[in-house]
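Report on the structure
Here's the letter readout for the chains.
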Amino acid sequence: MDEAKQIVTDIKNGKIKPVYFLFGEEPYYIDAIASYIEKKLLAEEEKGFNQMVLYGKDVTIDDIVANAKRYPMMAERQVVIVKEAQHLVRTIEDLTSYVDNPQMSTVLVVCYKYKKLDKRKKLYKSVQKAGVLFESKKLYENKVSDWIRKNLQGRGYSISHKAAILLTEYLGTDLSRINKEIEKLQLVLPKQSEITPADIEAHIGISKDYNNFELKKAIGERDVLKATRIINYFSQNPKDNPFVLTVTLLHSFFTQLLQYHGLNDHSPKSVASALRINPYFVGEFQTAARNYPMKKVSGIISSLREMDLKGKGVGANVNSQADLLKELLVKII
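Residues numbered from 1 in each chain as written. Predicted model: local features only at pLDDT ≥ 70, side-chain atom pairs only at ≥ 80, totals over all residues. Heavy atoms only, no water.

1. What about the overall build of the chain?
Stated formally: In this description a helix means any DSSP run of H or I spanning at least four residues, a strand means any run of E spanning at least two, and both kinds are numbered starting from the N terminus. Only protein chains enter the accessibility calculation, which uses a 1.4 Å probe; a residue is then buried when its area is under 20% of its type maximum, exposed when over 50%, and partly exposed in between. Whether two residues are in contact is decided by their heavy atoms, any of which lying within 4.5 Å being enough. Working definition of accessibility: Shrake-Rupley area with a 1.4 Å probe, residue cover restricted to the visible protein chains. When charges are counted, neither His nor the chain ends are considered; positive counts come from Lys and Arg and negative counts from Asp and Glu. Charge placement uses NZ in Lys and CZ in Arg. For Asp and Glu, CG and CD serve respectively.
Per the secondary structure count, the chain includes 17 helices and 7 strands. Considered along the principal axes of its C-alpha atoms, the chain spans approximately 70 × 45 × 45 Å. Residue burial in the chain is summarised as follows: out of 333 residues, 47% are buried. Sequence separation of at least 24 residues holds for 76% of the intrachain contacts in the chain that already meet a minimum separation of 6. Roughly 17300 Å² of accessible area belongs to the chain as shown, and the carbon and sulfur atoms make up 49% of that amount. Separation between the mean location of the 50 positive side-chain charges and that of the 40 negative ones in the chain comes to 4 Å.

Here's what the structure looks like:
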């Protein structure tokens, strides 16, 4: 986040490079930087003749270079943005000759999503010398709630810890999707508000009481009554709570619990680091470890794999999500 902010700050301050090569597994920051350049670098009246958006699946490197070598019309510079440049993976190195001698009145932005640029190759070194290289790395799940808090803080909001965890559990590590949901909350909540689980339930549609986060917690505590209430709710709302997602999250939880049993150091800091989880969840693993010894956890993981196949229609005698959820709970508890 800090590196992306610095790129935008430099552009605002007039420190503009001829080439921006944006790559990596997390598309959110790639899109954010490219969008800022697309919207802000040229005045509206300059964009018609001096801004070009190309798509990697529709062009060649020669097309990109030809557009980049044009001179701006009645403007100081032109902007050429190449979106979906990962489609040019086989020929991307051919861009090196242009980067070695770029048109200084052109700002070339290459959005190379879900791929890495080989540091050993000439293109990487050439961009590093002449322009800006930015790698957008995927956030681990234990970092997402902190990202949500910082993102909201920059917008003038705060969020309760449970609400941040709820968003993370429901939306995963997809920052673009999380950002869209945050924008929804901005539309209905005044600045300086603290976002709560009740706000998320009311405006995003994630139940604060009946979700996979609460189910996982109830199972870890062997709270059969609470777990049963949650799976009954899931059974009545199958589209919002797909069985496959529930099985996947529980499989991840018990796999991490198996890792927990194998750790020599069970201090909160060590556990959070080893399992790559938010420290907030360490207590849940400590409780679950007391309720589920290692041998039991191994059996549960095997059962979850079996239930995952049943949920996908392999070897299942019943197709009802309600029946699958009940069988799942029985096999675990």
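2. Some remarks on the packing of helix α8 (residues 161-171) against helix α11 (residues 212-220)
Short version of the rule: The angle between two axes is taken between their N-to-C directions and runs from 0 to 180 degrees, where each axis is a line fitted to C-alpha atoms and a helix contributes only its stretch in contact. An angle below 35 degrees is read as roughly parallel, one above 145 as roughly antiparallel, one from 65 to 115 as roughly perpendicular, and any other as oblique. The nonpolar class holds Ala, Val, Leu, Ile, Met, Phe, Trp, Tyr, Cys and Pro. Asp, Glu, Lys and Arg form the charged class, and all remaining residues, Gly among them, are polar.
The contact between α8 and α11 brings their axes to 9 Å, and the two run at 100 degrees. What the angle tells us is that α8 and α11 run roughly perpendicular. Facing Lys162, Ile165 and Glu169 of α8, the residues of α11 in contact are Phe213, Glu214 and Lys216. Grouping the constituent residues of the contact of α8 with α11 by class yields 2 nonpolar, no polar and 4 charged.

3. Notes on the packing of aromatic side chains
Spelled out, the test is: Any two rings among Phe, Tyr and Trp, with Trp reduced to its six-membered ring, count as a pair given centres within 6.5 Å; such a pair is stacked if its planes are under 30 degrees apart, edge-to-face if over 60, and tilted if neither.
Applying the stated criterion across every chain yields a total of 10 aromatic pairs. Note on tyrosine 28 and tyrosine 29: the rings are 5.1 Å apart at their centroids and 75 degrees apart in plane angle, and the pair reads as edge-to-face. On the accessibility criterion, tyrosine 28 (14% relative accessible area) is buried. Consider the rings of phenylalanine 213 and phenylalanine 281, whose centres lie 5.8 Å apart with planes at 75 degrees: the pair is edge-to-face.

4. A word on the nonpolar core
Definition in use: What makes a nonpolar core is a set of buried Ala, Val, Leu, Ile, Met, Phe, Trp, Tyr and Cys residues whose side-chain atoms join them at distances within 4.5 Å.
With 42 residues, the main nonpolar core has Tyr20, Leu22, Val109 and Ile148 as its most contacted residues. With 7 residues, helix α2 (residues 27-40) is the single largest residue contributor to this core. Among all residues touching tyrosine 20, those that are not within four sequence positions of it are Ile7, Ile11, Lys15, Ile37, Val107, Leu108, Val109, Val110 and Val132. By size, the runner-up hydrophobic cluster in this structure holds 36 residues, among which are Phe253, Leu257, Val271 and Ile277.

5. Brief notes about the side chain of glutamate 169
Its location among the elements puts glutamate 169 in helix α8. Glutamate 169 gets classed as buried once you look at its relative accessible area, which sits at 11%. Ignoring sequence-local partners within four residues, the contact set of glutamate 169 consists of Glu141, Phe213, Lys216, Leu249 and Phe281.

6. A few points about the side chain of serine 160
Heads up, the rule is: In protein, a polar contact means a hydrogen-donor-capable atom and an acceptor-capable atom, both N or O and within 3.5 Å, with residues adjacent in sequence counting only if both atoms are side-chain atoms; elsewhere, any N or O pair within 3.5 Å suffices.
With respect to the helices, strands and loops of the structure, serine 160 is situated in the loop between β6 (158-159) and α8. For serine 160, a relative accessible area of 15% corresponds to the buried category. At a separation of 3.2 Å, a polar atom in the side chain of serine 160 contacts the main-chain amide nitrogen of alanine 163. Not counting residues up to four positions away in its chain, the partners in contact with serine 160 are Glu194, Ile195, Thr196 and Pro197.

7. Some words on the sheet that holds strand β2 (residues 51-55)
Keep this limit in mind: At least two bridges found by DSSP between two strands is the condition for calling them paired.
In space, the 5 strands of this open sheet follow the order β2-β3-β4-β1-β5, with parallel pairing throughout. Sheet topology places β2 and β5 (132-135) at the edges, where each strand pairs with a single neighbour. Sheet twist, expressed as the average angle between the axes of neighbouring strands with direction ignored, equals 10 degrees. Set on the sheet, helix α4 (residues 61-68) makes contact with β2, β3 (78-83) and β4 (106-113); between it and β3 the angle comes to about 165 degrees.

8. Quick word on the pattern of salt bridges
Convention followed: Any Lys or Arg side-chain nitrogen located within 4 Å of an Asp or Glu carboxyl oxygen qualifies as a salt bridge.
Evaluation of the coordinates by the stated rule reveals 18 salt bridges. For arginine 77, the salt bridge is made with glutamate 76, and the minimal N-O distance between the two is 3.4 Å. Among the residues examined, glutamate 76 registers a relative accessible area of 63% and is labelled exposed. Three or more residues joined by partner-sharing salt bridges are found here, namely Glu306, Lys310, Glu327 and Lys331.

9. Regarding α2
Worth spelling out the cut-off: Multiply 1.5 Å by the residue count of a helix minus one, and that product is the helix's expected span.
The end-to-end C-alpha distance of α2, which contains 14 residues, comes to 20 Å, matching closely the 20 Å that a straight helix rising 1.5 Å per residue would cover. Those residues of α2 lying buried are Pro27, Tyr28, Tyr29, Ile30, Ile33, Ala34, Tyr36 and Ile37.

10. Topic: a nonpolar patch on the surface
Inclusion rule: Here, patches come from residues exposed beyond 30% relative accessible area and free of salt bridges, joined within 9 Å for like charges and within 5 Å for nonpolar side chains (Val, Leu, Ile, Met, Phe, Trp, Tyr).
A grouping of Phe49, Met73 and Met74 is seen on the molecular surface, where their side chains present a nonpolar patch of about 380 Å² in accessible area. Secondary-structure assignment places methionine 73 in the loop between α4 and β3. A relative accessible area of 40% means that methionine 73 is categorised as partly exposed.

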